[in-house]
Amino acid sequence: MNPNFSIISNKIIIRTKGRLCETKDELVKSNLFIETVNLCVQDLIKKESNFLHIFSNNTPDSKSIDTLIKTLQNLVIIETENVIKIDSESEIFFKDIHLFKEFIEYLYNFWRGFERYVICDSETADSLDKRPYRTFNQTIVNLTQIIRSAYRDIIENLTGTHPRIYRQVTAGAQFAAISIPLSINYPDDYKKLNKVSVIRQLLLNPPHILNPPKNTRTGSFVKIDKNPLALLDVNAQDWLCYPAKVGELIINIYFHCNFYELGFSLCNLFDLAEDEDLIKKPDAVYIYGVPEGSLDSLAEFPTVFFEDEKNGIFSAACPRGDEYGYFGYLKKMVLTLHNAIMIKKGRMPFHGAMVKFLLKTGKEVTLLIMGDTGAGKSETLEAFRSMAADKIKGMTIIADDMGSLEINTKGEVIGYGTEIGAFLRLDELQPGYALGQIDRSIIMSANRINARIVIPVTTFENITKGEKIDYILYANNYDVIDDDHPILEKIDDAEKALNIFREGTVMSKGTTTTTGLVHSYFANIFGAPQYRKEHDEIAHRFFKAFFDNGIFVGQIRTRLGLSGWEMKGPMEASKELLTVINN
């Protein structure tokens, strides 16, 4: 197996034209295997590990490491005594069979400790991506089986015994993609992006536990008056393009290999664009992971986007430093672009969760809860789903985090979503929400505050169908409940309601770098304040439509931001919500 490979930090990236190793012998003679053994030994030297005792004088040099590699190559096919007969210099490694076995276990885990990616590069648009199942079986599935088999054969030939417990861990690639060169219909200023291969098929073996550099987001996404793409050059080998279906929009997301773990995680959040989607010009492009310093002249905090009115497209960029290595920078910029485009279309973007319930009474209810991150939107809806299970016939998620509203030709308010997945906090979820489909999830920063899970929760058809709205609530996570502050409060005045939603008050839970009681325009810093004048005009028009249509408008007090109410608050809010909906 000698395709191109690179090792970047804790990532191993393999690029192939469609063929990897086909035998165990080919595997252990590959350059990547040899490089992995060398890196493992260097790691042991740095740690002054006891495993160095397998070498003569406990001091490995290049010759003894080469002998170790030959010994492992032989052990994959023959037993210990025959290995020594073939190569007498290998005898040193068998003086302590138990220690050598532990070293091999360490080497296996050292390999598995890397994030492992395989990019199947297709030269033309009618090859690998037209037979993805076969391609993935011949590369990824086969690679996993060969690596596990090689590891087991080495151990068995070393010890002369068979294991009694077999753990089918993912030893091959964790993520794989079939990518092809595409000539996307870009304006001239964007054609350099066509050097980057576009993902057409993607395979993952969840659940994944990833540890990206950061676990919070800071700053804002700044609208600038210069196209950031003009400052950038693109080395095609370092980038991939994930063409995302963001609601009805197509946004081409280019991510650098430093952020592969985040870029590949997009598949659990946004559907992958169809071939017919890529014929037309996309609505926006996002370049995630540009060289540090290249955007410094554009804004104090260089996460920026630009409305290219001349070419009818939006563009955005974010640096590749570790401080930007958080999935929120990827997801939220994409949603900022979506929201800006919706405002330009005259729609009202929202930051909130939208769900359609079918009650066993036959009643259908579509509910939109708006509010900032950590306000308790998802938690209240999950508590509602769990508590009202015997009263609900069906539940369809239309928007988990972002969406937009339009007023149709009948004057009705219709809601749409943007994502097929959710990017959720683990520490505030009801157990059933995440654990019910943990085997499909990608978990990030599991050992830190603001641990997150990216998990599919709905379908593209559900988010784009459009649903007439019955209830619009603001998620208030900070008020204590008393006679003047009920759990569920109906607001009878459009201007009063508009002011509450506009104020965007929330008790911050630390998902960004803010804490305490904070305010943001419409609880949505992602596009709305950058187009405040246009958004204000849209908001007045929509709030009038809410009341003209008899929509229940109010606020629901989740108390999620109050200590001790993280679970009980959303549960009590959901009980009150069920009572109101049933009446």
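Our structure's up above, just so we're on the same page.
Notes on the structure follow. Keep in mind that this is a model prediction, so the values were computed, not measured.

Another aspect to go through is the overall build of the protein. Per the secondary structure count, the protein includes 14 helices and 27 strands. Over its C-alpha atoms the protein spans a radius of gyration of 27 Å, differing by no more than 12% from the 25 Å that the globule rule assigns to 583 residues. With the C-alpha coordinates of the protein rotated into their principal frame, the extents come out at 90 × 55 × 45 Å. Long-range pairs, those at least 24 residues apart, make up 77% of the contacts in the protein between residues at least 6 apart in sequence. As presented, the protein carries roughly 23,800 Å² of accessible surface, and 48% of it is formed by carbon and sulfur atoms.

Now for the state of the cysteines. Inspection of every chain in the model, using the stated rule, returns zero disulfides. No disulfide involves C241; its nearest neighbouring cysteine sulfur is the one of C267, lying 14 Å away. C257 carries a free sulfur, and the closest cysteine sulfur to it, the one in C318, is 15 Å from it. Taking the relative accessible area as the measure of exposure, C257 reaches 5% and is therefore buried.

Turning our attention to the side chain of T71. Mapped onto the fold, T71 is located in helix α3 (residues 62-75). Owing to a relative accessible area of 0%, T71 belongs among the buried residues under this scheme. When residues no more than four places from it in sequence are discounted, the contact partners of T71 are V83, S90, F93, F94 and F100.

With omega at 0 degrees, the peptide bond leading from P206 into P207 counts as cis. The residue S445 is not glycine, and still its phi comes out positive at about 55 degrees. Relative to the helices and strands, S445 resides in the loop between β20 (442-444) and β21 (452-456). Positioned with a positive phi, N450 is a non-glycine residue whose angle comes to about 70 degrees. A relative accessible area of 1% places N450 in the buried class.

A word on the packing of aromatic side chains. Tallying each qualifying case throughout the model produces 29 aromatic pairs. With centroids separated by 5.4 Å and ring planes inclined at 70 degrees, the aromatic side chains of Y117 and Y260 adopt a geometry described as edge-to-face. Pair noted here: Y117 is in strand β3 (residues 115-121) and Y260 is in helix α7 (residues 260-264), with a separation of 143 residues, a long-range link. On the basis of relative accessibility, which here comes to 1%, the residue Y117 falls in the buried class. Summarising the aromatic geometry, the rings of F259 and Y288 are spaced 4.6 Å apart at their centres and angled 25 degrees between planes, so their arrangement reads as stacked.

The next subject is the pattern of salt bridges. Taken as a whole and assessed by the stated rule, the structure comprises 30 salt bridges. In this structure, K331 engages E419 in a salt bridge whose closest nitrogen and oxygen atoms are separated by 3.3 Å. You can see K331 sitting in helix α8 (residues 327-344) and its partner E419 sitting in the loop between β18 (413-417) and β19 (421-425), a full 88 residues away along the chain. Note on accessibility: K331 and E419 belong to one class, buried. Through salt bridges with shared partners, a single ionic network connects K331, K332, D401 and E419.

Our next topic: the packing of helix α12 (residues 494-503) against helix α13 (residues 532-548). Two elements in contact, α12 and α13, have axes separated by 10 Å at closest approach and are oriented at 135 degrees. The pairing of α12 with α13 is recorded here as oblique in orientation. For the pair α12 and α13, the crossing hand works out as right-handed. In this structure, α12 contributes A494, E495, A497, L498, F501 and R502 to the contact, and α13 contributes R532, D536, A539, H540, F543 and F547. Across the contact of α12 with α13, the residue classes break down as seven nonpolar, one polar and four charged.

Successive residues of a regular strand alternate their side chains across the two faces of the sheet. Most of strand β23 (residues 471-476) is tucked away, with six of its six residues classed as buried. Side chains Y471, L473 and A475 project from β23 onto one buried face, and the interleaved I472, Y474 and N476 project onto a second face that is buried too. Sheet analysis places strand β15 (residues 364-370) next to β23, joined by four bridges and oriented parallel. Along β23, the bridge assignment pairs M370 with Y474.

Another aspect to go through is the packing of helix α2 (residues 31-47) against α3. In contact at an axis separation of 10 Å, α2 and α3 are set at 125 degrees when each is read in the N-to-C sense. It follows from the interaxial angle that α2 and α3 lie oblique. Read as a crossing pair, α2 and α3 show a hand that is right-handed. For the pair α2 and α3, contact is made by F33, I34, V37, N38, V41 and Q42 and by I65, L68, I69, L72 and Q73, respectively. Here the residues of the contact of α2 with α3 are counted per class, giving eight nonpolar, three polar and no charged.

Bringing a negative patch on the surface into the picture now. Among the surface-exposed residues, E292, D296, D322 and E323 lie close enough to one another that they form a single negatively charged patch. Among the structural elements, D296 can be located in the loop between β11 (284-290) and β12 (304-308).

This brings us to the environment of D66. Structurally, D66 is set in helix α3. The partly exposed category is assigned to D66, whose relative accessible area is 41%. Each C-alpha atom of the pair D66 and V518 lies 60 Å from the other, and the pair is 452 residues apart in sequence.

Cut-off values and rules
- Within each chain, residue numbers correspond to sequence positions counted from 1 in written order.
- This being a predicted model, a pLDDT of at least 70 is required before a residue's local features are given, and a value of 80 or more before pairs of side-chain atoms are given or counted; all residues contribute to the totals for chains, interfaces and linings.
- Derived side-chain values reflect all non-hydrogen atoms in the structure, with water molecules and hydrogen atoms excluded from consideration.
- Numbering of helices and strands runs from the N terminus, with a helix taken as a DSSP run of H or I at least four residues long and a strand as a DSSP run of E at least two residues long.
- The globule rule used for comparison is 2.2 Å times the number of residues to the exponent 0.38, while the radius of gyration itself is calculated over C-alpha atoms.
- Any pair of residues with heavy atoms lying within 4.5 Å of one another is described as a contacting pair.
- Methods summary: accessible areas were calculated by the Shrake-Rupley approach with a probe of 1.4 Å, and residue burial reflects only the protein chains presented.
- The disulfide criterion is simple: two cysteine sulfur atoms within 2.5 Å.
- Remark: exposure states derive from per-residue accessible area (1.4 Å probe, protein chains only) relative to the maximum for the residue type, with buried under 20%, exposed over 50%, and partly exposed in between.
- Two rings from Phe, Tyr or Trp (for Trp, the six-membered ring) form a pair when their centres sit within 6.5 Å of each other. Planes less than 30 degrees apart are called stacked, planes more than 60 degrees apart edge-to-face, and all others tilted.
- One side-chain nitrogen of Lys or Arg within 4 Å of one carboxyl oxygen of Asp or Glu is enough to make a salt bridge.
- Geometry is summarised by axes, namely lines fitted to C-alpha atoms with helices restricted to the contacting stretch, and by angles between N-to-C directions that run from 0 to 180 degrees.
- We call two directions roughly parallel when the angle between them is under 35 degrees, roughly antiparallel when it is over 145, roughly perpendicular when it lies between 65 and 115, and oblique otherwise.
- Crossings are classed by handedness, with left-handed meaning an anticlockwise turn of the near helix from the far one by less than a right angle and right-handed meaning a clockwise turn.
- All amino acids are sorted into three groups, where Ala, Val, Leu, Ile, Met, Phe, Trp, Tyr, Cys and Pro are nonpolar, Asp, Glu, Lys and Arg are charged, and the leftover types, Gly among them, are polar.
- If DSSP finds at least two bridges between two strands, the strands pair.
- What makes a patch is a set of residues exposed beyond 30% relative accessible area and free of salt bridges, joined within 9 Å when like-charged and within 5 Å when nonpolar (Val, Leu, Ile, Met, Phe, Trp, Tyr).
- Here the positive residues are Lys and Arg and the negative ones are Asp and Glu; neither His nor the chain ends is included.
- Positions of charges follow a simple convention, taking NZ of Lys, CZ of Arg, CG of Asp or CD of Glu.

Function-wise, these values are silent; they only describe arrangement.
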